[in-house]
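Observations on the model geometry
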Amino acid sequence: MKKIILYFLSFVFLNLNAQEPAKTITISGKVMDTKTKEPLEFATVSFQNINDKKVITGAITNSKGEFNVNASVGTYRIKFEFIGLKSYALDSVLLNSNKVLANIWLEEEAKLLEAVEVAVEKTTIEHKLDKKVFNVGNDLVAKGSTASDLLNNVPSVNVNANGGVSLRGNSGVRLLINGKPSVLTANNGLEQIPAESIEKVEVITNPSAKYDSEGTAGIINIILKKNKKGGFGSSLQVTSGLPANHALGYNASYKTQKINLFSDWRYRYIDFLADENSQRTNYLDDTINSYLIGSIDRKRNNKTFTLYFGGDYYINDKNTVTLSYYHRNNISNNNVDYTFNFLNQKAISTRFVKATESYREPQKSNQVEFNYIKTFDKEGKKLSMNLQYDFWNDDEHELIVEQEKLPIELPIKRLKSRDIESSKDFLFQTDYALPLTQKTTLEFGAKGEIRQINSDYEVFDNEQLIDSLNNLLRYHEQILGVYTQLASSIKNLQYQLGLRFEDSKTGSSDDLDKFAIRKSYYNFFPTAHIVYKLSSALSLQLSYSKRINRPKFWQLNPFGGIADRRNIRLGNPDLNPMYTHAYDLGTLIHWKKFTINPSVYYQSSNNIYEDLRFVNASEYLVEMVINSGTESRRGGELSINYSPLKWLNLSGELNYFEFKQRGIFNISGDAFTSRLSTRIKFPTWNVQSNVNYIGGRKSGQINQNAQYWLDIGWSKDLFKEKASITIKVDNVLNSRVSEGVARATDYTLSYKFRNIGPRFYATFTYRLNRKKNEKDRLPE
């Protein structure tokens, strides 16, 4: 590492000394993609000696495709390059004063198109200084799977067996759809979003002030596909798999110069099979007192229908309005078999209980959205407004039938519950970008969200209503925020400074008057992003943000369900928000056929969330989330993308961090994760494999073991790219198992949970008036 630093410092020193003491001028411009008409970020601009073509100075374009180069008066060869596109050069350019070059347009390399198509596509993973972008369209994991499956293959992201999403091992993640919170992510909504509808996923570990402050670990922004082609186009998609995974989808769009109409219909039927084993050892005065051995066999089924339609109206070339409606109808059925074997201190069985659970939950979700976008003659100046109304409801029915078999057979017990939940969520947002100079842009905006959730819960024990559990919970949340941020550059230094203010009001109450909690707080959330260009090939970025993680409704709701009487989960309506100060230092290196993105990070948090587990008077295990204290976390991450051959791409990721918790739990530990993806692509077929590893780690009372799994896929184009077929296998080795040990002063609990695998999928797609690289339009 020292040699690398000395090399780059020497390179910078030589560049500085190579400049003549004569007049220094500034050359600026913009690099564009001929095909997409969009600016190219991280294109390389090189000022070369006209005789030997050695690089004298240069730059890398920013997110707007712009570059600024300071150079001495003279004659240069200026070369423009971007991975997968044909390079372009201006020969013998005489520069004697400040100059703005005409837009540079880079196009596809024709020879590469004829040979191997991979060269003109975006890589599956793009490493940018402020985020990582996972391009779904180029990845086989998208075929026949859901958004949850897809996120498990995104750098730095993990989704556990219960659907919980974490980023760099931190569960405090904010999920957005096209930059906004959405009903699509509510109630395990990620399992109902087909991965084929996603264009890309942005992983932002240190967001700017423009984004919500929610999410102490950062933001995962899911970008859905849009229709960009004129005229009529449609696609039909059929998926089938084992265990049952059957889906049918049809997408259609029609676009002219004035309108863009779009629609999407999808139906999915999918089974999830899982089993779990546990052993709880109970202690009395540090001596084993008894055991409880449990087993669970689970079959869950989802039937999901989604409908989406809407349209853009182009008032003129600078004003566009969009109106859209999204509907999702999902029915979840869950059938579970339980056994509970109670043993004394000599491991002799004293009681044996069998139980079955039948669970049915119809869910209906709706979203209505209006967008307005205005652009101006001045480049970069933009106004956007968004109104969004989400409303959903679900009706949970649970029936538990239980019978004790030993020491004597007792009468059957029936426990029945019903929970009717509903939510109404109104959101408004406006953003305004104002370029002050060629290098300086001021942005500001406002956002408000008002949400009301009701949960009407009742429980019957052998047909008798349990009054203490018959209750209606009301939750209200109002968050208002404003922000401003300024971005500019000084020579080799680019910076963005921002400040966000949010005022939050929440409240919980119930019909039984067990609690009436009101919380009101306001916070300032500063952000800073600084990029320093060491050379045309190397930049450093330092970033800081203050973040918040507000309690979720399921964490607050004290009536969390009683499907398993011996393992009870309760909500905590008095939870406080968690705060984090996050620091990141990273760089992005393009070197020959490598893209290398190393970074180090530090996070300091208070009011952290942890699960507290304890045994109650009935010897049942109770779990409840609490604010446990503080946590400090420091780590490093390395992402590498390597294309040694035109048809071969390798990408890998390593993440390691150490943490220290203080408060109710005083623990320290570390964790390690890694991922390796191999992609082989030829003109009409390709193969991909993903290997994932999550190291063991501690958290609160739990020590969790390591786990690993392998996914593979194969795809082939048919009928001159009008159709394609994909075959995919998830969890090939059936090795994705979650197991560990929870410890307290009076018990230990060992557990092992697995989703039964592997899973096989086959997906066939047929396109009418579309090619495989053209996008569908789905909800924003």
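1. Focus: the overall build of the protein chain
If you tally the helices and strands in the protein chain, you get four helices and 43 strands. In the protein chain, which comprises 780 residues, the proportion classed as buried is 50%. The contacts in the protein chain between residues at least 6 apart in sequence include a share of 65% that link residues at least 24 apart. For the protein chain, the exposed surface amounts to about 35,700 Å²; the carbon and sulfur share of it is 58%.

2. A look at the side chain of Ser263
Residue placement: Ser263 occurs in strand S18 (residues 259–284). Residue Ser263 is classed as buried on the basis of its relative accessible area, which comes to 11%. Filtering out sequence-adjacent residues up to four positions away, Ser263 remains in contact with Tyr250, Asn251, Ala252, Tyr308 and Phe309.

3. Describing the sheet that holds strand S6 (residues 88–95)
Within the open sheet, the four strands sit side by side as S3-S2-S5-S6. Their pairing is antiparallel. With partners counted over all chains shown, the strands left at the sheet margins are strand S3 (55–60) and S6, one partner each. Looking at each pair of strands side by side, their axes are set apart by 20° on average, direction ignored. Note that strand S2 (residues 44–48) and S3 share five bridges and pair antiparallel. Each residue of the ladder has a partner; that of Phe47, found in S3, is Thr57.

4. Re the environment of Asn731
Tracing the sequence through the fold places Asn731 in the loop between strand S40 (723–730) and strand S41 (737–743). Asn731 sits 39 residues away from Asn692 along the chain, and the two C-alpha atoms are 9.9 Å apart. Excluding anything up to four places from it in sequence, Asn731 contacts Trp709, Leu710, Asp711, Arg736, Asn755, Gly757 and Pro758. One polar contact links the side chain of Asn731 to the main-chain amide nitrogen of Ser735, over a distance of 3.0 Å.

5. What to know about the packing of aromatic side chains
As enumerated under the stated definition, the model contains 20 aromatic pairs in all. Taken together, Phe67, Phe80 and Tyr88 form an aromatic cluster joined through their ring pairs. The residue whose ring lies beneath Lys374 is Phe376, and the NZ or CZ to ring-centre distance is 5.1 Å. Sitting over the face of the ring of Phe659, Arg697 holds its NZ or CZ atom 5.3 Å from the ring centroid.

6. Examining unusual backbone geometry
Geometrically, the link from Leu242 to Pro243 is a cis peptide bond, its omega value of -15° lying close to zero. On the secondary structure map, Pro243 appears in the loop between strand S16 (231–242) and strand S17 (245–255). With an omega dihedral of 5°, the bond running from Leu406 to Pro407 counts as a cis peptide bond. Counting through the fold element by element, Pro407 comes out in the loop between strand S22 (382–406) and strand S23 (413–435). Unusually for a residue other than glycine, Phe719 sits at a positive phi of about 50°. Within the element layout of this structure, Phe719 appears in the loop between strand S39 (707–718) and S40. Of note in the backbone geometry, Asn734 takes a positive phi value of approximately 50° without being a glycine. Summarising the element assignment, Asn734 is placed in the loop between S40 and S41.

7. Some words on the confidence of the model for the protein chain
Scored by pLDDT, the protein chain comes out at a mean of 84, with 89% of its residues at no less than 70. Note on residues 110–123: pLDDT under 50 across the span, and 31 contacts to partners over four residues away in sequence or across chains. Here residues 775–780 scores under 50 on pLDDT; set against residues more than four positions off or in separate chains, the count is 41 contacts.

8. A closer look at the environment of Asn649
Residue placement: Asn649 occurs in strand S34 (residues 648–663). Overall, the relative accessible area of 9% leaves Asn649 in the buried class. Remark: the alpha-carbon pair of Asn649 and Lys593, spanning 56 residues in sequence, is separated by 9.8 Å. In terms of polar contacts, Asn649 uses its side chain to reach the side chain of Asn641, at 2.9 Å. One polar contact links Asn649 to Ser643, side chain to side chain, over a distance of 2.8 Å.

9. Describing the side chain of Asn386
Along the chain, Asn386 falls in strand S22. Separated by 2.7 Å, the side chains of Asn386 and Glu369 make a polar contact. Sequence-distant contacts of Asn386, defined by excluding residues within four places in its chain, comprise Lys180, Glu369, Phe370, Asn371, Leu427, Phe428 and Gln429.

10. Section: the environment of Asp312
With respect to the helices, strands and loops of the structure, Asp312 is situated in strand S19 (residues 287–316). As a C-alpha pair, Asp312 and Lys258 span 54 residues in sequence and 8.2 Å in three-dimensional space. A distance of 2.5 Å separates polar atoms of two side chains, one belonging to Asp312 and the other to Thr322.

11. Considering the pairing of strand S29 (residues 538–549)
Where burial is concerned, most of S29 is hidden: 10 out of the 12 residues are buried. Relative to S29, strand S28 (residues 516–535) is paired through eight bridges, and the arrangement is antiparallel. Bridge assignment links Ser535 to a residue of S29, and that residue is Leu538. Bridging between S29 and strand S31 (residues 578–591) involves 12 bridges; their strand directions are antiparallel. Within the sheet, the bridge partner assigned to Arg547 lies in S31 and is Thr580.

12. A word on the nonpolar core
With 27 residues, the main nonpolar core has Leu151, Val157, Val165, Leu190, Ile198, Val201 and Ile220 as its most contacted residues. At the level of secondary structure, the elements contributing two or more residues to this core comprise helix H3 (147–151), strand S11 (157–159), strand S12 (165–167), strand S13 (173–177), strand S14 (198–204) and strand S15 (218–224). In this structure, Ile27, Ala43, Ala71 and Leu101 belong to the second largest nonpolar core, which totals 20 residues.

Rules used in this analysis
- Residues numbered from 1 in each chain as written.
- Predicted model: local features only at pLDDT ≥ 70, side-chain atom pairs only at ≥ 80, totals over all residues.
- Heavy atoms only, no water.
- Helix = DSSP H or I, 4+ residues; strand = E, 2+ residues; numbered from the N terminus.
- Buried < 20%, exposed > 50% of the residue type's maximum accessible area, 1.4 Å probe, protein only.
- Contact = heavy atoms within 4.5 Å.
- Areas by Shrake-Rupley, 256 points an atom, 1.4 Å probe, with all protein chains shown as cover.
- Pairing = 2+ DSSP bridges.
- Axes fitted to C-alpha atoms, helices over the stretch in contact; angles between N-to-C directions.
- Polar contact = N/O pair within 3.5 Å; in protein donor to acceptor, adjacent residues only side chain to side chain.
- Phe/Tyr/Trp six-rings, centres within 6.5 Å; stacked < 30°, edge-to-face > 60°.
- Lys NZ or Arg CZ within 6 Å of the ring centre and 35° of its normal.
- pLDDT = per-residue confidence, 0-100.
- Core = buried A, V, L, I, M, F, W, Y, C linked by side-chain atoms within 4.5 Å.

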